[in-house]
Structure formats: structure tokens, C-alpha cells
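# Residue-level structural notes
This is what each chain is made of:
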Amino acid sequence: MKAISKNLLVIMTLTTAELKSRYRNTWAGLLWVIINPLMMFAVHSLIFKYIMKIDIDDYFVFLLGGLIPWIFISSTLNMTCYSFITSREVLLSFQINPLAILGAKVIDNFINFIIPFVFLFIILSFTQSFNVIGVLLLPLSMIPLVLGTFFLVLSLATLQVYFRDTQYILGFLLSISYFLTPIFYPEQMVPEGFRFLLNFNPFYILIKPFQIALWSFDMQLYFLALFQSLFCSIIICLIALFIWKKRKNELYLHI
Amino acid sequence: MNSTYISDKNSEDIIIEIKNYDLEYRFSRFRNSGLRDVFISAIESPFRFFMERAKRIKILNDINLKIHQGERVALIGINGTGKTSLCRAIAGMHGKISNIKINGEIRAIFDTTVVVHPELTGRENAQILVNLMFTDLTKEERRIKVVEAIKFSEIDKYIDTPFKHYSKGMKSRLFLSVVSSSPSDLLILDEVFAGADSFFNEKVSNRIKSMIEQSGAALLISHDEELLKKLCTRGIVLHERKIAFDGNIVEAFAFYNKINLKNQSVRRYSF
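What counts as what
Residues numbered from 1 in each chain as written. Chains lettered and ligands numbered in written order. Predicted model: local features only at pLDDT ≥ 70, side-chain atom pairs only at ≥ 80, totals over all residues. Helix = DSSP H or I, 4+ residues; strand = E, 2+ residues; numbered from the N terminus. Buried ≥ 20, exposed ≤ 12 C-beta atoms within 10 Å, placed from the backbone. Contact = placed C-beta atoms within 7 Å. Rg over C-alpha atoms; globule rule 2.2 N^0.38 Å. Pairing = 2+ DSSP bridges. Axes fitted to C-alpha atoms, helices over the stretch in contact; angles between N-to-C directions. Core = buried A, V, L, I, M, F, W, Y, C linked by C-beta atoms within 7 Å. Nonpolar A, V, L, I, M, F, W, Y, C, P; charged D, E, K, R; others polar. Expected span 1.5 Å × (residues − 1). Bend = angle between axes of the 7 residues up to and from the residue. Parallel < 35°, antiparallel > 145°, perpendicular 65-115°, else oblique. Left-handed = near helix turned anticlockwise from the far one by under 90°. Arc of directions from axis to C-beta.

Quick look at the overall build of chain B now. What chain B contains, in helices and strands, is nine helices and nine strands. Burial statistics for chain B: of 271 residues in total, 40% are counted as buried. Considering only contacts within chain B whose residues lie at least 6 apart along the sequence, 75% involve residues at least 24 apart.

All right, on to the overall build of chain A then. In terms of helices and strands, chain A carries twelve helices and zero strands. Mapped in sequence order, the helices and strands of chain A form the string α-α-α-α-α-α-α-α-α-α-α-α. Here chain A has a C-alpha radius of gyration of 19 Å; the compact-globule value for 255 residues is 18 Å, and the two agree. Each principal axis of the C-alpha atoms in chain A carries an extent, and together these give about 55 × 45 × 35 Å. Of all 255 residues assigned to chain A, the portion counted as buried reaches 37%. Partitioning the intrachain contacts of chain A with sequence separation of at least 6 by distance along the chain shows that 79% fall at a separation of at least 24.

Let us look at the sheet that holds strand β7 (residues 217–221) of chain B. Residue and element names in this part refer to chain B. The six strands are arranged β5-β6-β7-β3-β8-β9 in an open sheet whose pairing can be described as mixed. A single partner strand is all that each edge strand has here, and the edge strands are β5 (106–109) and β9 (242–248). The mean inter-strand angle of the sheet, taken between neighbouring strand axes irrespective of direction, is 15°. Here four bridges tie strand β3 (residues 72–76) to β7, and the two strands are oriented parallel to one another. Bridge pairing in β7 places R72 opposite A218.

Counting 129 residues, the largest nonpolar core has I188(B) and A252(B) as the members making the most contacts within it. Take this core: its biggest share by element is twelve residues, from helix α7 (residues 132–162) of chain A. Residue contacts for A252(B): discarding those within four places in its chain leaves A74(B), I76(B), G235(B), I236(B), V237(B), F245(B) and G247(B).

Right, let's talk about the pairing of β9(B) for a bit. Residue and element names in this part refer to chain B. One ladder, built from six bridges, connects strand β8 (residues 234–239) with β9; its direction is antiparallel. The residue of β9 that forms the bridge with R234 is N248. The antiparallel hairpin formed by β8 and β9 contains two residues in its connecting segment, where E240 sits at a positive phi of about 50°.

Right, let's get into the interface of chain A and chain B. In this complex, chain A contributes 25 residues to the contact, which on the side of chain B involves 27 residues. Broken down by secondary-structure element, the contributors of at least two residues to the side of chain A that touches chain B are α1 (2–23), α5 (88–93), α8 (166–180) and α12 (251–254) of chain A. No other element matches α1(A), which puts seven residues into the side of chain A that touches chain B. Looking at the side of chain A that touches chain B residue by residue, the classes come out as eleven nonpolar, six polar and eight charged.

Moving on: the environment of F47(B). Residues and elements named next belong to chain B. Looking at the element boundaries, F47 is found in helix α2 (residues 46–51). We classify F47 as exposed; it has 7 C-beta atoms within 10 Å. Separated by 36 residues in the primary sequence, F47 and K83 have C-alpha atoms spaced 39 Å apart.

Residues and elements named next belong to chain A. Mapped onto the elements of the fold, F151 is located in helix α7. F151 gets classed as buried once you count the C-beta atoms within 10 Å, which come to 23. Sequence-wise, F151 and F217 are 66 residues apart; in three dimensions their C-alpha atoms are separated by 28 Å.

Residue and element names in this part refer to chain A. Counted at 1.5 Å a residue, the expected span for helix α3 (residues 59–80) with its 22 residues is 32 Å, and the 31 Å between its end C-alpha atoms agrees. In α3, a bend of some 25° at G65 exceeds every other bend along the element, and P69, a proline, comes one to four places later. By the criterion of burial, α3 is predominantly enclosed, with 17 of the 22 residues buried.

Glancing now at the environment of F242(A). By the secondary structure assignment, F242(A) is in helix α11 (residues 219–247). As for F242(A) and T13(A), which are separated by 229 residues in sequence, their C-alpha atoms are 28 Å apart.

Of note, K53(A) is a non-glycine position whose phi angle comes to about 50°, a positive value. Its location among the elements puts K53(A) in the loop between α2 (27–51) and α3. For K53(A), a count of 7 C-beta atoms within 10 Å translates into the label exposed. Even without a glycine there, the phi angle at E240(B) is positive, about 50°.

All names here are of chain A. With their axes 8 Å apart at the nearest point, α3 and helix α10 (residues 202–214) run at an angle of 150° to one another. In terms of orientation, α3 lies roughly antiparallel with respect to α10. Considering how the two elements wind past one another, α3 and α10 form a crossing that is right-handed. For the pair α3 and α10, the contacting residues are V61, F62, L64, G65, G66, P69, W70 and I73 in the first and F203, L206, I207, F210, Q211, A213 and L214 in the second. Here the residues of the contact of α3 with α10 are counted per class, giving twelve nonpolar, three polar and no charged.

The periodicity of an α-helix, 3.6 residues per turn, causes residues three or four places apart in sequence to face the same way. Residue and element names in this part refer to chain B. Over its 15 residues, helix α5 (residues 139–153) extends 21 Å from the first C-alpha to the last, a length consistent with the 21 Å expected when each residue adds 1.5 Å. For α5, the set of buried residues is K145, V146, A149, F152 and S153. Relative to the axis of α5, the buried residues are bounded by an arc of 135° and lie together on one face. Residues of α5 that are exposed and angled more than 90 degrees away from the buried face: E140 and K151.

All right, on to the packing of α3(A) against helix α6 (residues 98–125) of chain A then. Residues and elements named next belong to chain A. Viewed as axis vectors pointing N to C, α3 and α6 meet at an angle of 160°, and their least axial separation amounts to 10 Å. In terms of orientation, α3 and α6 fall into the roughly antiparallel class. For α3 against α6, the interelement crossing comes out right-handed. Side by side, α3 and α6 meet where F60, V61, L64, I68, F72, S75, T76, M79 and T80 of the first sit next to L102, K105, V106, N109, F110, F113, P116, F117, L120, F121 and L124 of the second. Here the residues of the contact of α3 with α6 sort into 15 nonpolar, four polar and one charged.

All right, on to the pairing of β5(B) then. One face of the sheet, then the other: side chains in a regular strand alternate in exactly this way. Residue and element names in this part refer to chain B. Alternating positions in β5 separate into two faces, I106 and A108 on one and R107 and I109 on the other, with burial throughout. Strand direction decides the pairing type here: β5 and strand β6 (residues 186–190), joined by four bridges, are parallel. Residue R107 lies in a different strand from β6, and its bridge partner there is L187.

This is a description of form; function is not addressed.
Here it is, written out as C-alpha cells:
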């Protein structure tokens, strides 16, 4: 219990410091956090809704449920994969739990995800209708999303210490996953014979509860997707802890 | 050439006890390589890939050590002999090790010029340091510690300016003021005096001295012979990954200088 409260204090301190140093005396920093996903949202809307004329009802709502959580996962993985290396000096100088550094980075990115998500939700709620129960269940969808992302980050950041090209391979895998994950097209557009493959896409499993809650709410489908998502995050957690346990004691010798 | 240090302290005062401790570094064939190389090795020669074992290099060899309450111990040795690695092992950075028994709380500092957040002010960085180092204190106790450390550092005039504008000496002052603000069972300081000016070194040395007197022991690493002689009572010389000498600080430096001279003359002959 004492160790948990100590680590929580370290995570809170590091997260606050990250946020403070980024947004210090500048609204532009905060604005960038909104502009970046907003631009992505606008470009996706333009390309798929107006140029490719994809035939989906409430496409903006669909994008909100898929694209914004995807941006959270991909940007968190990209930004934190190198964390143990970039935090080398701090890790080698203090007795800080390396997991606290990753935790702080994931929370920082989560806050950066929530701001544009809520902003877009408010804007869209003027023109689109949302299922109230689906919206109320949204916080539940965030639990496996954050846990899954954190443990993916833990695996990748650990691997990065030992295999220095991990981030390049990650960039490549994320580019492929972007097309293979139904975030700008619905699952129904995937040919039936290939649809089973989506059950092996961890990104989609983590994102799916958002899409159902916002775009096509059905209580039964939602909870099924949520349990799948939780199960996926547990599997990711077990793999990450296996890698971490095997490698953590030599981490300081390799960073 | 081994010398055993006989402490007059009793066994109940032991803060650290290390028995037959080895630290190894796995030197795999993938060193400095990436996943791409692992993939290529696995395809090119699968048998070798799965059968070849990683080589191991010893960083520390058969370390036996006891540190008692109130002792000020200097770890002496040329660069690369494993001084910092030993301190990191004691601080628990290499995980829980059954050969190392710790009786109390350890506070370890390995660098005083680490910029935690250069954009933030000195005060904010002091708050961060206090939060990272004194996690067991209450919010109010940590606040008081920040105020006291800033006062001790004598840089209150610049404390609300960004940390990135501080000189190395100023950073060191603030850092050392935080570090030395509270006693702990064992304080590990690795080259932390580098960068601070001589006047402040004197001031901080006095504070560390009084801090040690208040409670625990200290394990110091520095290349400053005079400073260590002033601060420490006991010296441990690490040579070729082993404890080569453990005893009085003056004798430890005599031993260290002797092996250094010997090594230098061997090097001269070999050219």
C-alpha cells in the first residue's frame, strides 16, 4: 500500500511537471493539442465523406468513436516508446520506479486525448444525436483503452532499450495497422470471409467499445465488446509483465 | 593485498550487509543491434540463433561488505571498476538481490546536474525533486523542505526563473540543498560534489556531516581525495571488480595511489 501511494505521488509529480512545462504561459500549446486531432478529423471527413463518398450514416460520429481513440493509441506508443532512453539521466540519478515514468507519459497523453474528444463531442452534439446510455458508458470503455495502451508502451519501451530499431518497426506496424483497423470505415465493410481477422487486431478490440457506444449503441453488443477489450488488455498486460520481469534488472546496464 | 576492516560497531547497527555478490552483464550477440538483425540472424543460421548462449561479463566479483550506523564510507577506484554499479545494486536498481540485506531506508543520488524539467523554475524543480525523493513525507512536510532547501541554497533571488538559465554550479547548489535536507538510514552520493563551488562544498559538507551524525550512514563516491578524507572515516578500494582494500580512509588512499602508480609503470613498460 505504501509502495502504491509512493508511486502515485511520483506519477502525479511527473505528469504535472510534463503538463506545466508544455503549457507554460502559452495557450498555443493547449490549442495544438486540440488542433492536431481536429485537423486529422477534418481531413478524414473531407476525404472519406466528400471525396470518396463513403456511405455511412452519421460519419462524423463514427469517426469520433474510432479515429480519436486511434490517435491516442498511436501517438502514445510513438511518443513513449523511447521513454526509458530519453529519461536515462533521471532513471540513472534517482531511485524512481521506471514504470512511474511510463505511467506519467500515458496519463499526459490521455489528458491530451480527452480534451479534443470532449471538444468534438460538444460540437457534434449540436447537430448529431447520441444515445444517452452509450455516452454514460463511455468512461468504462476508457479503462481497457488506457490499460492496454500502458502495457503496450511498457513492452515497447523495454524492447527499445535492448533493440534500438523498435521505434522504426513500430512506426511501420502502426502505418499498416491504420489501414487494417476499422477506424475510418466500419467493420461491416470488411468482406465477411476476412472479418474474423479483426478479432486478432488488438487496436480494434480496444477501440470497438467507443464506436458502439457513440455510433451504433446496443447494450448487449457494447458489453460484449467491453469484455473483449478488457480480456485483450489483460493479455497485453501479461505479455508486458513477462518481458518486463525478464529484463528489468538489467535495464540500468543497457540504457 | 586484502585488508579487512574491523568495525567497532556491533552487529545490530548494520545497515547494509552484502555477501558474495556478483553482478553480471549479459553480452548478447545482438548488442547494439536491433530487431532487424535478430530477424536476419534467425533466418541466416537458425541453429546458431537458438543454441548460442549470451556471453556474460562480470562487473562486480565476490563483493562482501558491511556498513554500520554512523559510518562515512568512501568508495574509491578508477573509472569502470564498478563503484556506481555497486551503489545502484545497494539502492535496489538491479532488483531485489538476496545477497544484499538492507536494514533501513536508502536515499541514493547519482548526479546533481540532471535537468528534470528545464522549462520550469528552480522552485518548481526543487518541488519535483522533493516529491521524487521524499515520498514518505506529508504534503506540508514536503512544502517546508522545499522552502528550507531554497533558503540553504542561497539562490532565492533566481529561484523563480527557468532552471535552464541556471549555471552548473547553481543547479548543483539547489540539488545538494534538497538532497542533504533530510537524514536517511543510508545516503549514497555518487560524484555529487562536482560542479558546486568550493565555498558551497564546504557548507554542504558540514550539512552532510551533521546529517550523518543525526542518524544514518553515508556511502560516497568522488575523485576528490581531500574532500573524501575530510568527510569519510572508512575507505573501500575497488580494483578489477573486487574489493581490494577496506579500512581507514587515509590508508585506503595510500593503497589506491600505490596500485595506481604500479599500474602506470606497467603501462609505461608495455609501450
